[in-house]
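Given next are the chains, with one letter for each unit.
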Amino acid sequence: MVVSEAQVPVEGDAASSKKAAKKAAKAAEKQQKKAEHKGAVPQNETSEPDISEGQYGVLKLIQSTGENRDRVYVDVKELGLALEGKDVWVRARLQTSRGIGKQCFAVLRQNSSTVQLLMRVSDRVSKQMVKFTGNITKESIVDIYATVVKTSPAVESCTVQDVELAGLQVWVVSSAKPQLPLQIEDASRPETDDPEGLKIRVNQDTRLDNRVLDLRTPANQAIFRLEAGVCRLFRDILTKRGFVEIHTPKIISAASEGGANVFTVSYFKSSAYLAQSPQLYKQMAIAADFDKVFTVGAVFRAEDSNTHRHLTEFVGLDLEMSFKHHYHEVLDTIGQTFTDIFRGLQDQYASEIATVGQQFKVEPFKFLDPPLRLEFPQAISMLKEAGVTVGEEDDLSTPDEKLLGRLVRAKYDTDFYILDKYPLAVRPFYTMPDPNNPKASNSYDMFMRGEEILSGAQRIHDPEFLTERAKHHGIDISKIAAYIESFRLGCPPHAGGGIGMERVVMLYLGLDNIRKTSMFPRDPKRVTP
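Residues numbered from 1 in each chain as written. Predicted model: local features only at pLDDT ≥ 70, side-chain atom pairs only at ≥ 80, totals over all residues. Heavy atoms only, no water.

Peer 1: Looking at this structure, how should I read the overall build of the chain?
Peer 2: Check the secondary structure of the chain and you find 14 helices and 19 strands. Classification of the 529 residues of the chain by burial places 47% in the buried group. Of the contacts made within the chain by residues no fewer than 6 positions apart, 70% connect residues no fewer than 24 positions apart. (Helix = DSSP H or I, 4+ residues; strand = E, 2+ residues; numbered from the N terminus. Buried < 20%, exposed > 50% of the residue type's maximum accessible area, 1.4 Å probe, protein only. Contact = heavy atoms within 4.5 Å.)

See below:
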């Protein structure tokens, strides 16, 4: 019989078969390890009944169907010995987890509050459930049903230290992706000079590129809650003093401060500008008999300044009020408003200030009541004594301001002070000149830790004088005709100022960069996220 070549066993074919079998075995082993890593139940455990079935897993997408609306949740910060032995529902983020044998430890975080979760194999908790918990990705949102248990010793790594949660149910509400662009632990690490401390740092651009994650750190949670407090105190204090909150346009026909630092926008068939300040509209409100007004809103500055304290868009806290005889009536009101805000932050936001201090060096902010007021010539004299010469018609440079702040702190023991009587040459067109000195003006700046946080003045309320000063500054009168016209209808003498909110928070806390106090900062190099 003739045997075809195909039917004859060949040594090379046998070798290939062995290689293929080995390759297939390796692939199967790799697949099994991959499945185990994802929390799959190993082959030898499939026979074990899962006593926690139906008590853990991934929740279906919440689409407001009305399920579980009667469920009561307890905030993490409310957990304590008063709830010992009670079963509670908690919704929080899973910050970290680690499995040890038949148990899994996790840290749950809600805002800035943290508590330890313990999942332990028992007659109510299965191995599968413990393994599932250990495989939940960091920063996922979870619903936990657990018993509040007293701890001994205290859990020092959490803000809730005297109790922990013994888990009974675990449900994933929203999963975070496995690979995070930054770790919350790294972003929360204290900025210390300790040579023994960890040197892992998350740089500013990485933080801002991933701002949603960065904002979850305890320090950032505290910064922006304190910032909300500044706005609330500003509103409450002025409202109690008879001020009315107004809202002003941000698209305007002429540069509100003069100069070139203005954003031009296309406006149908012509051009318009983004407001550099609400100044003109505050004044028009005074002319309309509102007497005392304030506004909180966006301010735009087209300054190509890449510094620690400049933004192209920031939140302005502006106020304006009429007075009877002297602009110091307004100056005193603004100074006292700041004093009241500082005291309110001390009294109402002590825990937030302490939280920021755990990550950043926060020197307690000092202020006087009533606040210190100096005149510009006094500042020049102090700087001269320190070896710095400033012309009587020159503005202060940033280094000059910082040095003056240190000199004032050393001499008067305050971080906040008012500098009055600025040179007329360095102020906007609507600033009232000093009647006793043609080179000076009825204008003022206010400083925190040697940096300007408010600029203000008595405004010119006479239309002819205002027109003259506008022309002197090269402003097209036709574009501010409505503004000037409002003073032809009778307007009381008035003064006010504009405050940079982010700068106030930065300097009150002693932080080194204004981007730390702007939730989504805008500067010459950043317009995202």
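Peer 1: Is there a simple way to think about the environment of leucine 79 in this case?
Peer 2: Structurally, leucine 79 can be placed in the loop between β1 (56-58) and β2 (87-100). Once the C-alpha coordinates of leucine 79 and valine 148 are considered, the two residues, 69 residues apart in sequence, prove to be 7.8 Å apart. The contact partners of leucine 79, leaving out residues within four places of it in the chain, are Val74, Val88, Val90, Val115, Val148, Val160, Val163 and Leu165.

Peer 1: Help me understand the packing of helix α8 (residues 328-348) against helix α9 (residues 350-359), please; the structure alone is not making it clear to me.
Peer 2: Between two packed helices, what matters for the description is the angle formed by their axes and the separation of those axes. The N-to-C vectors of α8 and α9 enclose an angle of 80°; their axes lie 5 Å apart at closest approach. Considered as vectors, α8 and α9 are oriented roughly perpendicular to each other. For the pair α8 and α9, the contacting residues are Leu345, Gln346 and Gln348 in the first and Ala350, Glu352 and Ile353 in the second. Of the residues in the contact of α8 with α9, the class split is three nonpolar, two polar and one charged. (Axes fitted to C-alpha atoms, helices over the stretch in contact; angles between N-to-C directions. Parallel < 35°, antiparallel > 145°, perpendicular 65-115°, else oblique. Nonpolar A, V, L, I, M, F, W, Y, C, P; charged D, E, K, R; others polar.)

Peer 1: Looking at this model, I keep getting lost on the packing of aromatic side chains. Mind explaining?
Peer 2: Counted according to the given criterion, the structure contains 18 aromatic pairs. With 4.8 Å between their ring centres and 55° between their planes, phenylalanine 342 and phenylalanine 365 make a pair best called tilted. Highlighted residues: phenylalanine 342 in helix α8 and phenylalanine 365 in the loop between α9 and β13 (372-375), separated in sequence by 23 residues. A single burial state applies to phenylalanine 342 and to phenylalanine 365, both of which are buried. When the centroid spacing of 5.1 Å and the interplanar angle of 10° are considered together, the rings of tyrosine 417 and phenylalanine 447 count as stacked. Of the two residues, tyrosine 417 is situated in strand β14 (residues 416-420) and phenylalanine 447 in strand β17 (residues 443-448); the sequence distance between them amounts to 30 residues. Pairwise contacts between aromatic rings join Phe338, Phe342, Phe365, Phe367, Phe416 and Tyr508 into one cluster. Over the face of the ring belonging to tryptophan 89 we find arginine 71, whose NZ or CZ atom lies 3.6 Å from the ring centre. One cation-aromatic arrangement involves arginine 427 over tyrosine 422; the distance from NZ or CZ to the ring centre is 4.6 Å. (Phe/Tyr/Trp six-rings, centres within 6.5 Å; stacked < 30°, edge-to-face > 60°. Lys NZ or Arg CZ within 6 Å of the ring centre and 35° of its normal.)

Peer 1: Would you mind showing me how to read helix α6 (residues 218-240) here?
Peer 2: The terminal C-alpha atoms of α6 lie 33 Å apart, and with 23 residues this matches the ideal 33 Å at 1.5 Å per residue to within 8%. Phi for glycine 242, located one or two positions after α6, is positive at around 90°. (Expected span 1.5 Å × (residues − 1).)

Peer 1: Please explain the sheet that holds strand β9 (residues 264-267) as it appears in this structure.
Peer 2: Picture the strands of a sheet paired through backbone hydrogen bonds; they go either parallel or antiparallel. Taken together, the three strands give an open sheet; going across it, the order is β8-β10-β9, and neighbouring strands pair in antiparallel fashion. Both outer strands of the open sheet, β8 (251-252) and β9, are each paired with one neighbouring strand and no more. Where β9 meets strand β10 (residues 270-274), four bridges bridge the pair, whose relative direction is antiparallel. Looking at the pairing, valine 265 lines up with alanine 272 of β10. (Pairing = 2+ DSSP bridges.)

Peer 1: In this structure, what is going on with the pattern of salt bridges? I would like to understand it.
Peer 2: Charged atoms that come close allow side chains of opposite charge to pair. A complete count under the given rule lists 34 salt bridges for this structure. Across the salt bridge formed by glutamate 464 and arginine 488, the nearest N and O atoms sit 2.6 Å from each other. In this pair, glutamate 464 sits in helix α12 (residues 463-472) while arginine 488 sits in the loop between α13 (481-485) and β19 (494-500), placing the two residues 24 residues apart along the sequence. Residues joined in a network through salt bridges with shared partners are Arg241, Asp340, Arg343 and Asp369. (Salt bridge = Lys/Arg side-chain N within 4 Å of Asp/Glu carboxyl O.)

Peer 1: Honestly, the side chain of aspartate 143 in this entry has me stumped. Any pointers?
Peer 2: Residue position: aspartate 143 is located in strand β5 (residues 141-150). Given a relative accessible area of 0%, aspartate 143 falls into the buried group. A polar contact of 2.6 Å, which involves the side chain of aspartate 143, links it to the side chain of arginine 91. The residues touching aspartate 143, leaving out its near neighbours within four places in the chain, are Leu59, Arg71, Tyr73, Trp89, Val90, Arg91, Gln169, Val170, Trp171 and Val173. (Polar contact = N/O pair within 3.5 Å; in protein donor to acceptor, adjacent residues only side chain to side chain.)

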